[in-house]
Structures are given as structure tokens and as C-alpha cells.
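# Examining the three-dimensional arrangement
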Amino acid sequence: MKFSWKAASLLAVLICGGGLWLLDSYVGEDVDPLQSVDHEDHLLQPYSDAMAGMKAHRDAEAMASMKKPPQQRTLTVREAFAGDPRLIALSVEEAAWMDRHHYPKAADLAEAESIDPRQLAGTRDPRLLTIAGSAFKKRGEYMLAMSQHFDAGAHGALYAYQQGAVAERALYEERFGPTNRDSAGVLRARLEVPLALGDHTVQYLMDTVMADVDAMASPKQVQIQSREFLRALAEDARLQGLAPPSVDPRPNAAQWNDLYQLSRSGVADQLVTIYERQ
Amino acid sequence: MAEARTFPDTGPTKHLLRSLRRAEATGAGNPCSPRFHSRRRSSMNSSRALKLVVASVLGLGGGAVADGAIAGTSTCTGSGCWVYPPFLPNPGGGGGVGGGWGGGDGSSDPRDEYHKISWCTDAPGYAWDGHGCDLYNPPVLTVNGCGTAGGVPVPDFLVAPGALQGGAAAFGAMFKAACDAHDMCYGTHGNDKHQCDERLRQDMIADGQQKLGGAFPALGVFVIGQATAYARFLQWEWIEPWTSQPAYDRSQMDAACRTSSAAFKNYCDHLGFGS
């Protein structure tokens, strides 16, 4: 092949032109950056829409399942968690979950303060059983308080079951002295039951009235005993012709936990929307 | 409660404890036998330490401890066996026939032994009157409603005759809470059996009355009958020795074993051995 200055110049021009074109394409506006926010949103849009749709659907479904729609309020985290944080609903869906599991309303608990629980003798309504249990506890009749609460628990009332454990502790302390390793194992196992059935807010009891129980309890005892309690709960429900309580996770576990920790930290001026059941 | 028996204090050896554990596995062990307390010189440190923990965790009365410290004896009753002296009255002393820490085997300063003991890291389970108490793995307390008595299932729902049974059972496990409290009563060390049984009856009746409500006039007689039957059955002198008494004794022994185990672990933690 014969060397030609003309061909070499042409080749050099082509190479330079190609390089410039590539450089231009790289810095040009028509190229999407690797991680573009617009790009991501665009791709995820259908999923975001679907999730929003599902949430709206779930909320609508939850709303339909409730007799009265919950009232929406915006409070600081401190205000919202000032009382019993187990009674807070962070979404309509959670409010419906609380209804499903016979969580008491503020009015119910107020009623328990003044009512004579013997007036409710013979009731099979889990809401009334919870009120009766609370009233017995208030009157210092711990045996009946425990029994009424656990009875409500067989209907799926998870709050009542937790309160049954609180009454049980009071009963054991009244009869057998301060909580020891043995009773701590039993009480801790009681708390395992609502936890296993999906109520993460049991954590509140573990941090307050049962705070010392966790360290005292033997893990082996808790394991054996919680299994027995779950079996007994199902058996009790079966005897009463009810469906045995099954796992039904309470919504907003992660959000509740974040806010709960925030409220405990003392820095809790963030605003949060809660849903009060009517 | 069985009559107290007293044996010369010579301290259990590891060898015998191992044998005993093997015997227990076959149901043949009796830690209250004199041979259980035979001694081998080389294992005195651990045996003395074991005495200390067992006696101290049992919460022996001061008088018994003081007597034991002088006499150097091991004692067994229906609720268990223990050995003492638990703590040396004169720590530097030694000497005497079982009259202090290390006295019998001639070792001198107990504080040395205190640091030499190996049972926190190499502890045998401690045999308990008629059944083993493994300090590392004590039996756990389980409350399980009315459960079984001598293998016979005991219903924790209301039992009524014939056609009424369906309605009675629909109230669910009516007596479960009362039976749970009864289990806890038996399983708490030092509780009186008859008081536990009597409380069961009262709890069952009170609970039944609340749960039945308007149905109490119709079904209340069965509640009272069942509660009384349970309490009487548990205390009936003809069958008590074969049914509820062994259950109560076993629960109490298990409770004592758990107490021992907890104190043992605390003690080892205190010494820095962990457990």
C-alpha cells in the first residue's frame, strides 16, 4: 500500500471529528445523567400510583368496616404519646385494626373508672369484658380482673390480654410477694402472646409496668409458657365457638416504634397525625 | 413434711455426685443417704463451696445454721437436703470437726479456698431429695390451667349434667385463671398447700358467678359443686397422698431448686466466674 498524505489527513480529520462528536454527546443536554431524580420518578410512577391506590383502597375498606369514621387530629409526638401509646392509631387502617381487636376507646376507659363491674356479670362482649376487667383491677379484685381480661382475650381482644397480665402481676404480688424469677417468666410469656399475634405496642408495657420482668425471666420458661398460653387461648376460643385468635399484624409498626422512641427521648416536638376512634 | 434426719458431715465428692447423677437418671439416687455425704479429701474445696451455696440459698434459719456450724452435719427433710456450715464464723480459723470452712480437711485460710473453688465453672448438679436439681438447668414453672392430676385430665370448663353441658361449656375455660393462680401458688416456695387449695375454691366460685351472670341461678350449683369437688379432691385424705400431695411436693422442690440455681448463679457471678 502506498503512503498518501491526502489519505492520512483525511483519517486524522475523521478521528478528530469523531472524538469531538463523542465529547459533545457526553456533555450535551440530551444525555440523561446516571442518577436522575426525574428518571427515577418516571420509572417508579406506576408503582407509586399503585401503592397510593392500595393505601386508599385499604383506608376506604377500613373506613367502611368502622361504624364511625375516626377523627383526624394533628398533635406533637409528645402530646400524642403522653397517655397510653397503645391506644394511638396512626392511620385509618390502624384504627380499624384496633376496632377489630376490641381496643377500648377513651370513653370506655372513662366508664371503667366509675362503673360497678358486677353489673356486667354474664357479659360475653369483649368490649364490656375489658371494661369490667379494668373496673375490677381498679377495685383491687385482681383475680376477677385477670379472668375478665383473659376472657376478652379469647375473643381476640389484645389490649385486654395485656391488661390481664398486668392484673395477674398485681394478684401474684398481693398473694405471693414481690415478683420473682418464676412469676416474671409467666408474666413475660403473657406479653409474648399479643406480640406473637401482631401487636407491637406491647413494647410499652415492657418498658413501663413490666420493665423489670424481662431481665428476671428465664428464656426457657418464657418459651414453654408462651406456647402453653397460645394453646390455651385457642382452646378457650374453641370452647366458646369462636375462631381461635390468629396472627394479624397491627399496621404502622415501624412508624409507631420511631415515634415511641422519639417520645421517650424527650425531643418530641414533631407533628404527627393520629386517628381517634369515635 | 418428713422428719429431719441428720448425718455426719463429710461433704459430697464430685465423684459421688457424678455417680449420683447417673443413679438419678435411672431413678435410683438418694442424696439423703449417708453415702452421699462421704468425702474425698481432694475435692473438699468444691464440696465446701457447694455446702455454702446450698445452705445459703435455702435460707436456713440462723439457729439451724449455728447448730450445724458447731455440729457439722448434713440434714435432709421432705423438702430437701442441705449441708452446712454455710459461712465460716471465724474466717481464718479452719480446724474443728466440720466446725468451719475447710475445718475437716485441715485447710487453713478459707479466703484462699474461696479463690480456688472450681465449682462455679465445673459445678455438678446438686441432687435433691428424690429427684435431681441441676443448678445450671433448673426445672421451670409452668402454669397450665387445671391440667392433669395423676394423669387424669381435669376440665377447666364448667361441667354440667346432660343437656346443660353444651350451654355450660360455651362459657369457655371458665376456671382457667383460678387454676393458673393455683399452679402459681403450688409453685411458689413456702406456700401452704391447704391454703392454695382453699383459695382455688373461692376463686372458682367468684369467677363462675361473674361469668355466668344471669345464668348463675341455673348453673351456679354446678359451679359451686365443681369448685368444692376440686378443693375436696385436692385435700381428701384418702387420695391426697397419691395425687395432689406429690404434685405439691414436687412443685415445692422445683421451686427450691430454682431458688438454689438463682443463688448459685449470683454467687458465681459475685466471684467473677460467671455461670
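Predicted model only: the values in this text are computed from it and were never measured. (Residues numbered from 1 in each chain as written. Chains lettered and ligands numbered in written order. Predicted model: local features only at pLDDT ≥ 70, side-chain atom pairs only at ≥ 80, totals over all residues.)

## Side note on the overall build of chain A
Test applied: Secondary structure elements are taken from DSSP: a helix is a run of H or I of four residues or more, a strand is a run of E of two residues or more, and numbering for both begins at the N terminus. For the exposure call, what matters is how many other C-beta atoms sit within 10 Å of a residue's own: 20 or more marks it buried, 12 or fewer exposed, and in between partly exposed, using C-beta atoms placed from the backbone. Residues are treated as contacting if the C-beta atoms built from their backbones sit within 7 Å of each other.
Within chain A one finds 13 helices and 2 strands. Relative to its 278 residues, chain A shows a buried fraction of 38%. Taking as baseline every contact in chain A between residues at least 6 positions apart, the subset at least 24 positions apart corresponds to 69%.

## Notes on the overall build of chain B
A tally of helices and strands in chain B yields 9 helices and 7 strands. Excluding contacts between residues fewer than 6 apart, the proportion of contacts in chain B whose partners are at least 24 apart in sequence is 66%.

## Overview of the packing of helix 9 (residues 181-197) of chain A against helix 12 (residues 219-239) of chain A
All names here are of chain A. Here is the rule we go by: Axis definition: a line fit to C-alpha positions, over the contact stretch in the case of helices; interaxial angles, taken between N-to-C directions, run 0 to 180 degrees. Small angles under 35 degrees read as roughly parallel and large ones over 145 as roughly antiparallel, with 65 to 115 read as roughly perpendicular and the rest as oblique. The crossing is said to be left-handed when, going from far helix to near helix, the turn is anticlockwise and less than a right angle, and right-handed when the turn is clockwise.
Here helix 9 crosses helix 12 at 55°, and the two axes come no closer than 8 Å. Judged by the angle between their axes, helix 9 and helix 12 are oblique. Our pair here, helix 9 against helix 12, has a crossing hand that is right-handed. Here Gly185, Val186, Arg188, Ala189, Arg190, Glu192, Val193 and Ala196 of helix 9 come into contact with helix 12, specifically with Gln221, Val222, Gln225, Ser226, Phe229, Leu230 and Leu233.

## Observations regarding the environment of Phe176 of chain A
In this fold, Phe176 of chain A is placed in helix 8 (residues 158-176). Ignoring anything within four residues of it in the chain, the contact list for Phe176 of chain A reads Ser183 of chain A together with Met184, Thr188 and Asn191 of chain B.

## Description of the confidence of the model for chain B
Residues and elements named next belong to chain B. Definition in use: Think of pLDDT as the predictor's per-residue confidence, scored from 0 to 100.
Averaged over every residue, the pLDDT of chain B is 64; residues scoring 70 or more account for 49%. Note on residues 1-117: pLDDT is under 50 here. Beyond four places in sequence and across chains, it has 189 contacts. With a pTM of 0.70, the predicted complex shows an ipTM of 0.77.

## Quick look at the interface of chain A and chain B
How we decide: Gly is put with the polar residues, along with every residue not named as nonpolar or charged; the nonpolar set is Ala, Val, Leu, Ile, Met, Phe, Trp, Tyr, Cys and Pro, and the charged set is Asp, Glu, Lys and Arg.
Between chain A and chain B, the residue contacts involve 31 residues of the former and 31 residues of the latter. Breaking the side of chain A that touches chain B down by element, the ones donating at least two residues are helix 7 (142-154), helix 8, helix 9 and helix 12 of chain A. Counting residues per element, the side of chain A that touches chain B draws most heavily on helix 12 of chain A, which supplies 9 residues. Its residues placed into classes, the side of chain A that touches chain B shows 13 nonpolar, 11 polar and 7 charged.

## As for the packing of helix 6 (residues 126-138) of chain A against helix 7 of chain A
Residue and element names in this part refer to chain A. Packing of helix 6 against helix 7 brings their axes to within 8 Å, and their N-to-C directions diverge by 160°. For the element pair helix 6 / helix 7, the angle class is roughly antiparallel. Viewed along their axes, helix 6 and helix 7 form a crossing whose handedness is left-handed. The residues of helix 7 that touch helix 6, namely those facing Pro126, Leu129, Thr130, Ala132, Gly133, Phe136 and Lys137, are Tyr142, Leu144, Ala145, Gln148, His149, Asp151 and Ala152.

## A closer look at the environment of Met253 of chain B
Residue and element names in this part refer to chain B. Here Met253 lies in helix 9 (residues 244-271). When the 20 C-beta atoms within 10 Å are taken as the criterion, Met253 is described as buried. With 65 residues separating them along the chain, Met253 and Thr188 place their C-alpha atoms 9.8 Å apart.

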